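Summary of structural features
This is what each chain is made of:
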Amino acid sequence: MAVLSKIRQRSALMIAVIALALFAFIIGDLFKSGSFNSTSKDVGSINGKDISFEDFRIKVSNVEKSGQGITSTAAANRVWDQEVSVALLTSEFDKLGLRVGEKHLLEVLKADQNIGKNPMFLNAAGMFDLAKFKEYFKSNPAQAQYLKDREKDAELNAKYQIYNTLIKSAIYTTESEGKLKYEMEANKVNFAYVAGLYSTIKDSDVKVTDADIVDYMKKNEKKFKADESREVEYVLIEDKASNEDVAEVKSRINALLSGSVVYNQTTGKNDTLAGFKSAKNIVEFVNSNSDVPYDSTYIAKKDLPAIDADKLYNLAPGEVYGPYVFGKYYCISKSMGKKLGVNAKASHILISYEGTQVPNQKEKRTKEEAKAKAESILAQVNANPDSFLMLAYTNSDDSSAQQGGDLGYFGPNQMVKPFNDFVFNNGIGKVGLVETPFGFHIIKITDKQDGIRLATVAQKIEASEATSDKVFTQATKFEMDATDKGFAKVAKDMALTVAAPVTVDVMDENFGPLGNQRTIVRWAFEDGTKVGAVKRFEVANLGHVIATLKNIDNSGLVSVTQARSYVESILKNKKKAELIKAKMTGTSLEAIAKAAGSTVQQATEVTLQNPVLTGGVGQEPKVVGTAFALAANKISAPIEGTTGVYVVKNNSTVKAPALKDHAAYVAQIKAQSAGDVNRVLPALKDNAEIEDNRKQFNY
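The present account deals with the structure reproduced in this document. Counting from 1, residues in each chain are numbered in the order their sequence is written. In keeping with the model being predicted, local features are shown solely for residues with a pLDDT of at least 70 and side-chain atom pairs are shown and tallied solely at 80 or more, while totals for entire chains, interfaces and linings include all residues. With hydrogens and water stripped out, all remaining heavy atoms of the structure feed into the side-chain values.

1. Re the layout of surface pockets
Only protein atoms enter the 1 Å grid, on which a cavity is a set of points fitting a 1.4 Å probe that cannot get out and a pocket is an open set with protein on both sides within 12 Å along at least 5 of 7 lines, lining residues being those with an atom within 4 Å of a point. Grid points are joined across faces, edges and corners, and a volume is the space filled by probe spheres set on the points. By volume, the second largest pocket amounts to about 1100 Å³. Lining the second largest pocket are 33 residues, and of these K59, E83, V86, D153 and L156 lie nearest its centre. Only runs of H or I of at least four residues qualify as helices and only runs of E of at least two qualify as strands under DSSP, and these elements are numbered from the N terminus. Within the residue set of the lining of the second largest pocket, elements represented by two or more residues are β2 (49-52), α3 (53-64), α4 (72-96) and α8 (144-170). Polar here means any residue other than Ala, Val, Leu, Ile, Met, Phe, Trp, Tyr, Cys and Pro, which are nonpolar, and Asp, Glu, Lys and Arg, which are charged; Gly is therefore polar. For the lining of the second largest pocket, a count of residues per class yields 14 nonpolar, nine polar and 10 charged.

Next comes the structure, spelled out in structure tokens:
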């Protein structure tokens, strides 16, 4: 009824809005049909190879149905990434002429637990039986399609394994590289230098414009490559309870404390209704008057509302406390009594054995061996209780071993029955041994918490219909006025805050601090949404978001706003460097230091492997590299380093003794380059021509 009431109240406005919407829909449809708009039937293409929308849609649907709670947009993003990767890799496989034999294919299939460990395909010895496998699918034609689908995936996987092996085999390290690494670690240079640090010039003395940042990004295009984006500003008008709404809820709660008199239409007389304090059936009273049903659980003090915990926990049976605010509710509570030991805290040492589903087994053992070890550890704990923590750390097969076996607090029936029964049937300090499906547990009960049962009437503090209507009217007025008068001006006139701009890509779901707001992102990329466009969005449990499109960026680079935090400091340092270099004049380090207002400093035994200058300067590889390159007593030109501009003078270079064999250094480089194979796919994506049409299909 509340919804119908709101619709009636807003009917005049809504009729006008609907009329405009219908007109826009008809006009829009004309442009979307015939020759007005040519929409691709493909969801995209990779290096000229089209991806059918219908195939893509089915795959997205399958991901959505996978039970992972994934949104349609997230599913589309996942499938798109897979399609791009598969297309690029398949093209590479074809270029190389990779083929997969039956044995290799079978090995990949067997790695699938549903196949390799399926009892239907195992022989008496528990080994995979190829004859059984083939016979099953021969006898069950209906399942043959499943195998065909798995074979396609297995073939791709097998080819990828071959491809990976080929790349790894092609990555090698030469003796010369090993020698270079040795020399970078062992050769040393001693030099004097003058430093003009960037920090000596105020940031306010050098200006970096948007044009400077764009120019820098264009010169370093690969580093700042990005999809087209939109920059959106917005105002949030929250649909929340007013002060009057809060007072009304508090008044209703207060009225429930004492009895009330109401007129009974059936008898024609006044009835006296019991209040919360004197109600005989407290459960019925709570369920009749509360937005949260009665809960008979005993609650430990630590789980009570923090501000009111002491007063609530110390209530005598039958005593009432409130009203008080807890989250978004006004509450009154009555004590229904206390109970000892409602929560328990325990530590344990788990000794598992083969056959138990425990992922952290420290060693393989039979059940008998596990029991013997558990009994041995129990004896050690009983002899020295303080040894429990270290014994858990070194012996327990449970992840809690890192915490000395501590499981924290838990309630009844949260643990498996034998464990639960031991803990809740014994007192603090008790140590014992129990067996569960996970193995043998040496348990130590470390603490218990008492709890209180509360009957609580909680009524939600929320906006009334009148408040929601007022907010709706304000939001609608803002939307209409902002279109004509300007977004910033209307926000100022209505004393509303314009949030910081949010930059989004076409397939983003999250919209800044507002979280998942795919509808706003989709609107920002619609063909009809131009810079300056304004639209209101009603967001559940939040209110109204009025958004305006501030900027459209089709440059292929990240936005200036995003790049500024990284690029601005680089460009400021470059401008500071020019100012510093202009001061660094003279034919000796002493003269240069005097001109620059600095001093001559010394660096001793610095290596290329660790090009660090002391005194808090940090790494300066260009400076150290230049020092190595100079002849003795030669002075360099000014060097733009990481932290400032430097002029160096080589005092001496000390070369390390020659080695006949650099195998150890070659091995180090090989280890460092082991992950280089993972750079192949990103490189293929960078060089590919990828067309993404997903936004045309409303994902």
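2. Considering the sheet that holds β2
Paired through their backbone hydrogen bonds, the strands of a sheet run either parallel or antiparallel. Strand pairing is assigned whenever DSSP detects at least two bridges linking the two strands. Sheet architecture is open: three strands sit in the order β2-β1-β21, paired in antiparallel fashion. Every interior strand has two partners, whereas the edge strands, β2 and β21 (690-692), have only one. Averaged over all pairs of adjacent strands, the angle between their axes in this sheet comes to 20 degrees, without regard to strand direction. Bridge analysis of strand β1 (residues 42-46) against β2 gives four bridges, and the strand direction is antiparallel. For D42, the partnering residue across the bridge sits in β2 and is S52. In this fold α4 packs onto β1, β2 and β21, with an angle of close to 35 degrees to the strand it touches most, β1. A fitted line through C-alpha atoms represents every axis, and for helices the fit uses only the stretch in contact; the resulting angles, taken between N-to-C directions, go from 0 to 180 degrees. Contacts are assigned to residue pairs with any non-hydrogen atoms lying within 4.5 Å of each other.

3. Points about helix α5 (residues 102-110)
Along α5, the positions that sit buried rather than exposed are L105, L106, V108 and L109. Seen along its axis, α5 keeps its buried residues to an arc of 160 degrees; they face one direction. Of the surrounding elements, those touching the buried residues of α5 are α6 (113-116), α7 (130-139) and α8. Exposure categories follow from relative accessible area, calculated using a 1.4 Å probe and restricted to protein chains: below 20% of the type maximum is buried, above 50% is exposed, and the middle band is partly exposed. This arc describes the spread of directions from the helix axis toward the C-beta atoms.

4. Some words on the packing of aromatic side chains
The geometry of an aromatic ring pair is captured by two quantities: the separation of the ring centres and the angle between the planes. What counts as a ring pair is set by centres within 6.5 Å for rings of Phe, Tyr and Trp (its six-membered ring), and what kind of pair is set by the plane angle: stacked under 30 degrees, edge-to-face over 60, tilted for all other angles. Counted according to the given criterion, the structure contains 23 aromatic pairs. On the basis of an interplanar angle of 70 degrees and a centroid distance of 5.2 Å, the ring pair of F133 and F137 is categorised as edge-to-face. Of the two residues, F133 and F137 are both situated in helix α7; the distance of four residues between them amounts to about one turn of the helix. Here the aromatic rings of Y136 and F137 are separated by 5.1 Å at their centres, their planes lie at 85 degrees, and the arrangement is edge-to-face. Here F137 falls in the buried class, since its relative accessible area comes to 11%.

That is the geometry; function is a separate question.
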